[in-house]
Amino acid sequence: MKNDTKNTAAEETKAPEVEVQEARPAVDIIESEEGVTLFFEVPGANAKTVDVEVNDGVLYVNAKSSLSRNGRQIVYKRAFQISDAVDVEKISAKTVDGVLKLVLPKSEKAKVHKIKVGC
Amino acid sequence: MNMLTRNGNLWGMNFGVPSMERLMRRMFDLAGADGSAAGSSMELEVRDADVLIKMPAAGCTPENFDIEVVNDFVTVRVKRECDCADNPAGEKHYILRERSFEEFEESMKLPVSVQGHKASAKYVDGVLELTIPREDAKKNASHVIKVK
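If you're wondering where the values come from, they're calculated on a predicted model, not measured in any experiment.

Asker: Give me the overall build of chain A: which residues, what numbers.
Answerer: Helix and strand content of chain A: one helix and eight strands. Listed N to C, the secondary structure of chain A is α-β-β-β-β-β-β-β-β in terms of helices and strands. Taking all 119 residues of chain A together, 31% fall into the buried category. Of the contacts made within chain A by residues no fewer than 6 positions apart, 47% connect residues no fewer than 24 positions apart.

If you want it as structure tokens, here you go:
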């Protein structure tokens, strides 16, 4: 009987689950000598609702939008496999006007080092 | 050396011309990249006093929008320019390019009469929010009637 009471209390405090609709954001990827920059279109999302994670060499982007479709909250999701040349520790992210900018710098080892040949 | 590699279906390669992509979405009524229906990306909410229209348009500024309300017909034109500030020379090396920087417009016929001259708009997190008071707001406002 006690267990039943506990379960009921737990159910009451549990927040209602919001139905979501996953969407694939449009992306621009630009490469430079310093690294790679990604621009994700995530309208309705901001710094508080965007999650960026690198796990086992895969970059995951998850952005909850304030927009909805058919009563379901839009959640932008996309993933990219990244190479060892990326310095994962120095990845930076910023959102401005619904655009998520990710900068993936190259590690020092991966950068091109030109060596002059002496006479 | 590419620092990003394809990851099965996770990497959706799409090098098509953006305008054609938009056209195809409309033609086949597919969901857009923003998860919206192809016919219109506008989201409409009819409330007691006004109507709220939300339209996704990431990477814009308020100056990029041209909004027109004629009777109960709303048209939003967006003219967005490519952000080349990072590389003024315009010599970017794109590995993947899906975002569109072309001009486009969306129109919607509202299900209720509105006061277009009292419309207001704001741009937040890449979403245009357009609020237009209803013409018959007082008539249609909810009234709670107590039974005696």
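Asker: Before we move on, can you summarise the overall build of chain B with the specific residues and values?
Answerer: A count of helical and extended segments in chain B gives two helices and nine strands. Secondary structure elements of chain B occur, N-terminal to C-terminal, as β-α-β-β-β-β-β-β-β-β-α. Within chain B, contacts between residues separated by at least 24 positions form 55% of all contacts whose residues are at least 6 apart in sequence.

Asker: Give me the interface of chain B and chain A: which residues, what numbers.
Answerer: Every contact between the two is made by 30 residues of chain B and, on the other side, 38 residues of chain A. Broken down by element, the residue count for the side of chain B that touches chain A peaks at five residues, all from strand β6 (residues 93–97) of chain B. For the side of chain B that touches chain A, the residue count by class is 14 nonpolar, eight polar and eight charged. With four bridges connecting them, strand β2 (residues 27–31) of chain A and β6 of chain B associate as antiparallel partners.

Asker: So what about the nonpolar core? Which residues, and what values?
Answerer: Counting residues in hydrophobic clusters, the biggest one holds 37 residues, and the most contacted among them are L38, F40, V42, A63 and L100 of chain A. Of all the secondary-structure elements, those providing two or more residues to this core are β2, β3 (35–41), β5 (58–69), β6 (72–82) and β8 (99–105) of chain A together with β3 (50–56), β5 (73–78) and β9 (127–133) of chain B.

Asker: Account for the pairing of strand β8 (residues 120–124) of chain B, with residues named and values stated.
Answerer: All names here are of chain B. In the sheet, β8 pairs with β9 via five bridges, with the strands oriented antiparallel. Note on β9: the bridge partner recorded for K122 is E129. Taken together, β8 and the strand that follows it, β9, pair antiparallel across an intervening segment of two residues, in which D125 is found at a positive phi of about 50°.

Asker: Break down the sheet that holds β2 of chain A for me, citing the residues and quoting the values.
Answerer: The strands making up a sheet are joined through hydrogen bonds of the backbone, oriented either antiparallel or parallel. Spatially, β7(A)-β8(A)-β3(A)-β2(A)-β6(B) is the arrangement adopted by the five strands of the open sheet, whose pairing is antiparallel. Bordering the open sheet on either side are β7 (92–96) of chain A together with β6 of chain B, each of which pairs with just one other strand. Sheet twist, expressed as the mean angle between neighbouring strand axes with direction ignored, is 15°.

Asker: For the environment of A119 of chain B, give the residues involved together with the corresponding values.
Answerer: Within the fold, A119 of chain B resides in the loop between β7 (104–109) and β8. Other than its neighbours up to four places away in sequence, A119 of chain B contacts V69, L130, T131 and I132 of chain B.

Asker: Any chance you could break down the sheet that holds β8 of chain B for me, citing the residues and the numbers?
Answerer: Residue and element names in this part refer to chain B. Read from one edge of the open sheet, four strands run β2-β3-β9-β8, paired in antiparallel fashion. Whereas interior strands pair on both sides, the edge strands pair on one side only; in this sheet they are β2 (43–46) and β8. Each neighbouring strand pair of the sheet contributes to a mean axis angle of 15°, computed without reference to strand direction. In this structure, β2 lies alongside β3, joined through four bridges in antiparallel fashion. When the sheet's bridge partners are listed, L44 is paired in β3 with I53.

Asker: Which residues make up the environment of F65 of chain B, and what values do they have?
Answerer: All names here are of chain B. With respect to the helices and strands, the residue F65 is situated in strand β4 (residues 65–70). Each C-alpha atom of the pair F65 and I53 lies 14 Å from the other, and the pair is 12 residues apart in sequence. Sequence-distant contacts of F65, that is, excluding residues within four places in its chain, are made with C60, V76, V78 and L128.

Asker: Tell me about unusual backbone geometry, and name the residues and values.
Answerer: Residue N70 of chain A is not a glycine yet carries a positive backbone phi of 55°. Mapping N70 of chain A onto the fold places it in the loop between β5 and β6. At D125 of chain B, a position not held by glycine, the phi torsion is positive, near 50°. Mapped onto the elements, D125 of chain B comes out in the loop between β8 and β9.

Parameters at a glance
Residues numbered from 1 in each chain as written. Chains lettered and ligands numbered in written order. Predicted model: local features only at pLDDT ≥ 70, side-chain atom pairs only at ≥ 80, totals over all residues. Helix = DSSP H or I, 4+ residues; strand = E, 2+ residues; numbered from the N terminus. Buried ≥ 20, exposed ≤ 12 C-beta atoms within 10 Å, placed from the backbone. Contact = placed C-beta atoms within 7 Å. Nonpolar A, V, L, I, M, F, W, Y, C, P; charged D, E, K, R; others polar. Pairing = 2+ DSSP bridges. Core = buried A, V, L, I, M, F, W, Y, C linked by C-beta atoms within 7 Å. Axes fitted to C-alpha atoms, helices over the stretch in contact; angles between N-to-C directions.

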